[in-house]
Amino acid sequence: MGTVLALMELSRDREVLPSSLEALAVGKMIAEKVGLKLAALVMGGGIEQAAESLRAFPTDEVLVVDQPLLEVYQPELYTQAVEQVCSEIKPDYLVMGETFQSIDLAPRLAFALDSGLVTGCVDLEFDSGETLFIKPVYSGNVMAAYAVEGVPRLATFRSKSFEPAKPGESAPSPVRSLAISLDQSSVKIQAVEQVLSGNGHAQGLENAEIVVSGGRGLGGPEGFEILRELADQLGGALGASRPPCDLGWIEPSAQVGITGAIVAPDLYVAVGISGSTQHVGGMEGAKTIVAINDKEDAPIFKIADYGVAGDYKEVLPQLLEGLGRSK
Ligand SMILES: Cc1cc2nc3c(=O)[nH]c(=O)nc-3n(C[C@H](O)[C@H](O)[C@H](O)COP(=O)(O)OP(=O)(O)OC[C@H]3O[C@@H](n4cnc5c(N)ncnc54)[C@H](O)[C@@H]3O)c2cc1C
């Protein structure tokens, strides 16, 4: 029986990321539809607890590669590690949550494994024995269905496209440690330092349940100070449209959109953002969208659930005061 391998990514605290649990749910769906086993693969250094936590989820096996050299993401070593796991397990599918790490790793794996990859998937279809990977294209105006040639079929899945896997009630899944050998001589990229983004959101924009984003309408970096207050007040992450990132008002990792982070939070607050297709393509999956814009005819209001037409400098202080009072 073949296998669906779901690659688990860990946070700095070595906890399995929500997007990986979503990938695990995707893996389970494929395994059930196609009639395959499901294995979760977790890699890193000192990851016993993460491996143990994964046993509670309904998988056939938890595969563990615990190696000090994998403690920090290093593209060449991670590629080697997954390649070796694949040569032993021979998975039919390799699925991952879409993160900054998997955006880097997945194409390397597709090349190393001589297989096909679909990135940014939001859905799956099963058609006459073929698994189709569904993703938005042309700024989200078209949904395209891709079949993958080669084995394993590789795919990354946008955050919040699927409900995360939940711990099951059956006996804990068995754990298997895999021994791999890493060749450091092939390493061309050295990780020098890891810096937590100024965003400060532990799980990144993609996994945040609330995102508060600012656009060019904020007028400068000082506009982001009051926006940060709102994000903190709501317990959310701070995002931005592209111009504030390009202009250096906020760090580039805050960019939301088709060339930035794709987010699908429960609440997205867009302040001073016009609603270009490139921005909307990265946040239209949000459950509730609130827009604050001084132009009543701004396109963002077309997709907003709630809108305030006004100058953010007047609206935000009132909003903050109201939130303070409601606490
Ligand atoms: C290939 C390509 C990829 C791109 N990728 C992305 C991407 O990933 N993400 C992204 O965001 N953009 C992206 N862009 C840029 C995109 O086309 C838009 O230029 C950008 O999204 C506009 O950002 P904005 O809405 O902040 O600015 P603007 O379009 O300038 O809008 C500013 C808004 O603020 C409002 N405003 C002004 N003053 C105030 C005030 N005091 N109070 C309240 N509202 C106010 C204005 O009415 C206006 O609606 C991309 C472009 C290209 C060509």
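That block above? That's the structure.
The structure contained in this document is the topic of the report that follows. (Residues numbered from 1 in each chain as written. Predicted model: local features only at pLDDT ≥ 70, side-chain atom pairs only at ≥ 80, totals over all residues. Heavy atoms only, no water.)

## Side note on unusual backbone geometry
So, point 1. The omega torsion across V151 and P152 is -5 degrees, close enough to zero to call that bond cis.
So, point 2. Take P152: it is sitting in the loop between β8 (142–146) and β9 (153–157).
So, point 3. The phi torsion at R14 lies on the positive side, around 60 degrees, for a residue other than glycine.
So, point 4. As for its placement among the helices and strands, R14 is situated in the loop between β1 (3–8) and α1 (18–34). (Helix = DSSP H or I, 4+ residues; strand = E, 2+ residues; numbered from the N terminus.)

## Examining the side chain of K135
So, point 1. Take K135: it is sitting in strand β7 (residues 130–137).
So, point 2. At 7.0 Å, E98 is the nearest oppositely charged side chain to K135, a buried residue that forms no salt bridge.
So, point 3. Side-chain polar atoms of K135 contact the backbone oxygen of T119, separated by 3.1 Å.
So, point 4. With near-sequence residues (within four places) excluded, K135 lies in contact with V118, T119, G120, C121, V122, V142, M143, A144 and Y146. (Buried < 20%, exposed > 50% of the residue type's maximum accessible area, 1.4 Å probe, protein only. Lys, Arg positive; Asp, Glu negative; His and termini not counted. Salt bridge = Lys/Arg side-chain N within 4 Å of Asp/Glu carboxyl O. Polar contact = N/O pair within 3.5 Å; in protein donor to acceptor, adjacent residues only side chain to side chain. Contact = heavy atoms within 4.5 Å.)

## Focus: the site of the ligand
So, point 1. Taken together, 24 residues are adjacent to the ligand, and R216, S241, T259, S274 and S276 come closest.
So, point 2. One of the side-chain N or O atoms of Q255 is found 2.8 Å from an oxygen atom in the ligand.
So, point 3. In isolation the ligand offers 980 Å² of accessible surface; the protein chains occlude 74% of this area.
So, point 4. Breaking the shell around the ligand down by element, the ones donating at least two residues are α7 (242–246) and α8 (277–280). (Near = heavy atom within 4 Å. Areas by Shrake-Rupley, 256 points an atom, 1.4 Å probe, with all protein chains shown as cover.)

## Remarks on the packing of aromatic side chains
So, point 1. In the structure shown here, the tally under the stated rule is four aromatic pairs.
So, point 2. Ring geometry for Y73 versus Y78: centroids 5.0 Å apart, planes at 70 degrees, classification edge-to-face. The burial state of Y73 is the same as that of Y78; both residues are buried.
So, point 3. Members of the aromatic cluster, joined through ring pairs, are Y93, F133, F157 and F162.
So, point 4. One cation-aromatic arrangement involves R153 over Y93; the distance from NZ or CZ to the ring centre is 4.8 Å. (Phe/Tyr/Trp six-rings, centres within 6.5 Å; stacked < 30°, edge-to-face > 60°. Lys NZ or Arg CZ within 6 Å of the ring centre and 35° of its normal.)

## Things to note about helix α6 (residues 221–234)
Working note: α-helix, 3.6 residues per turn, so residues spaced by three or four point in the same direction.
So, point 1. In this model, α6 (14 residues) spans 20 Å end to end at C-alpha, consistent with the 20 Å of a helix rising 1.5 Å per residue.
So, point 2. Every buried residue of α6 is accounted for by G223, F224, L227, L230 and A231.
So, point 3. Just beyond α6, the residue with positive phi is G235, at close to 75 degrees. (Expected span 1.5 Å × (residues − 1).)

## Section: the sheet that holds strand β15 (residues 306–309)
So, point 1. On the basis of which strands lie adjacent, the open sheet formed by five strands has the order β12-β11-β13-β14-β15 and parallel pairing. Edge positions in the sheet fall to β12 (237–240) and β15, since each has one partner strand and no second. When the angles between neighbouring strand axes are averaged without regard to direction, this sheet yields 15 degrees.
So, point 2. Pairing of strand β11 (residues 210–214) with strand β13 (residues 267–271), which is carried by five bridges, proceeds in the parallel orientation. Along β13, the bridge assignment pairs G214 with V271.
So, point 3. Sheet strands touched by α6: β11, β12 and β13. Its angle to β11, the strand with the most contacts, is close to 170 degrees. (Pairing = 2+ DSSP bridges. Axes fitted to C-alpha atoms, helices over the stretch in contact; angles between N-to-C directions.)

## Concerning the side chain of Q80
So, point 1. Within the secondary structure, Q80 is located in helix α3 (residues 75–89).
So, point 2. One polar contact links Q80 to S186, side chain to side chain, over a distance of 2.8 Å.

## With respect to the sheet that holds strand β5 (residues 117–121)
So, point 1. Read from one edge of the open sheet, seven strands run β5-β9-β4-β1-β2-β3-β10, paired in parallel fashion. What marks the edges here is a single partner per strand, and that holds for β5 and β10 (175–177). Neighbouring strand axes in the sheet, compared pairwise and without regard to direction, differ in orientation by 20 degrees on average.
So, point 2. Sheet topology places β5 next to β9; three bridges connect them, and they run parallel. Counterpart to L117 in the pairing with β9 is L154.
So, point 3. Sitting on the sheet, α1 is in contact with β1, β2 (37–44), β4 (93–97) and β9, with an inclination near 150 degrees to β4.

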